[in-house]
Amino acid sequence: MATTAREEMRRFWERNERSGRPLSPHVSIYKWSLPMAMSISHRGTGVALSLGVSLFSVAALLLPEHFPHYLAQVRALSLGPALVCSAKFLLALPLCYHTWNGVRHLV
């Protein structure tokens, strides 16, 4: 006679409790390492870049004016060179990191 899923799960948990072993390694037991941090950063920059490109694409499709109009509006704000360079750096950093980390992984 076949057992139900509930009975199977009950037997599974009883066996695990009797063995006294942990179910799986928990994140807290791992010691942080450079490859682990680089992998997490690579995934994070990849998600951020895809979201950025997607938002830019949707904005380009839905906004009523063309790109030069919005670029002129940003220029009209007269932002200082330090702020403009910082913004460019913050936009280029994830792209460069993600690209070079991907090349490092492939090599």
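Residues numbered from 1 in each chain as written. Predicted model: local features only at pLDDT ≥ 70, side-chain atom pairs only at ≥ 80, totals over all residues. Heavy atoms only, no water.

### A word on the overall build of the protein chain
Broken down by element type, the protein chain carries four helices and zero strands. Ordering the α and β elements of the protein chain from the N terminus gives α-α-α-α. Its C-alpha radius of gyration of 25 Å places the protein chain more than 25% over the 13 Å reference for a compact globule of 107 residues. By principal-axis analysis of the C-alpha atoms, the protein chain measures approximately 75 × 35 × 30 Å. Roughly 9800 Å² of accessible area belongs to the protein chain as shown, and the carbon and sulfur atoms make up 70% of that amount. Across the protein chain, the centroid of the 11 positively charged side chains sits 13 Å from that of the 5 negatively charged ones. (Helix = DSSP H or I, 4+ residues; strand = E, 2+ residues; numbered from the N terminus. Rg over C-alpha atoms; globule rule 2.2 N^0.38 Å. Areas by Shrake-Rupley, 256 points an atom, 1.4 Å probe, with all protein chains shown as cover. Lys, Arg positive; Asp, Glu negative; His and termini not counted. Charge placed at Lys NZ, Arg CZ, Asp CG, Glu CD.)

### Quick notes on the UniProt feature "binding site: heme" (unreviewed entry) in the protein chain
Annotation from UniProt places "binding site: heme" (unreviewed entry) at His98. The topology assignment puts His98 in helix α4 (residues 81–106). His98 sits in the partly exposed class, given a relative accessible area of 23%. Leave out the neighbours within four places in its chain, and His98 touches His42, Thr45, Gly46 and Leu49. (UniProt positions renumbered as here; feature names shortened; annotations may be inferred. Buried < 20%, exposed > 50% of the residue type's maximum accessible area, 1.4 Å probe, protein only. Contact = heavy atoms within 4.5 Å.)

### Here we look at the UniProt feature "transmembrane region" (unreviewed entry) in the protein chain
UniProt's feature table lists "transmembrane region" (unreviewed entry) at residues 46–64 and 76–97, given in the numbering used throughout. The distance from the first to the last C-alpha atom of residues 46–64 is 29 Å, and the span holds 89% helix and 0% strand. Measuring from the first to the last C-alpha atom of residues 76–97 gives 31 Å, for a span that is 82% helix and 0% strand.

### Thoughts on the pattern of salt bridges
Side-chain pairs of opposite charge can arise where the charged atoms are in close proximity. In total, this model carries two salt bridges according to the counting rule given. Arg11 is the partner of Glu8 in a salt bridge, and the nearest nitrogen-oxygen pair spans 2.5 Å. Taken as a pair, Glu8 and Arg11 lie in helix α1 (residues 5–19) at a separation of three residues, close to a single helical turn. Taking the relative accessible area as the measure of exposure, Glu8 reaches 39% and is therefore partly exposed. A salt bridge links Glu14 to Arg10, with the nearest nitrogen and oxygen atoms 3.1 Å apart. Of this pair, Glu14 and Arg10 are both found in helix α1, four residues apart, which corresponds to roughly one turn of the helix. On the basis of relative accessibility, which here comes to 45%, the residue Arg10 falls in the partly exposed class. (Salt bridge = Lys/Arg side-chain N within 4 Å of Asp/Glu carboxyl O.)

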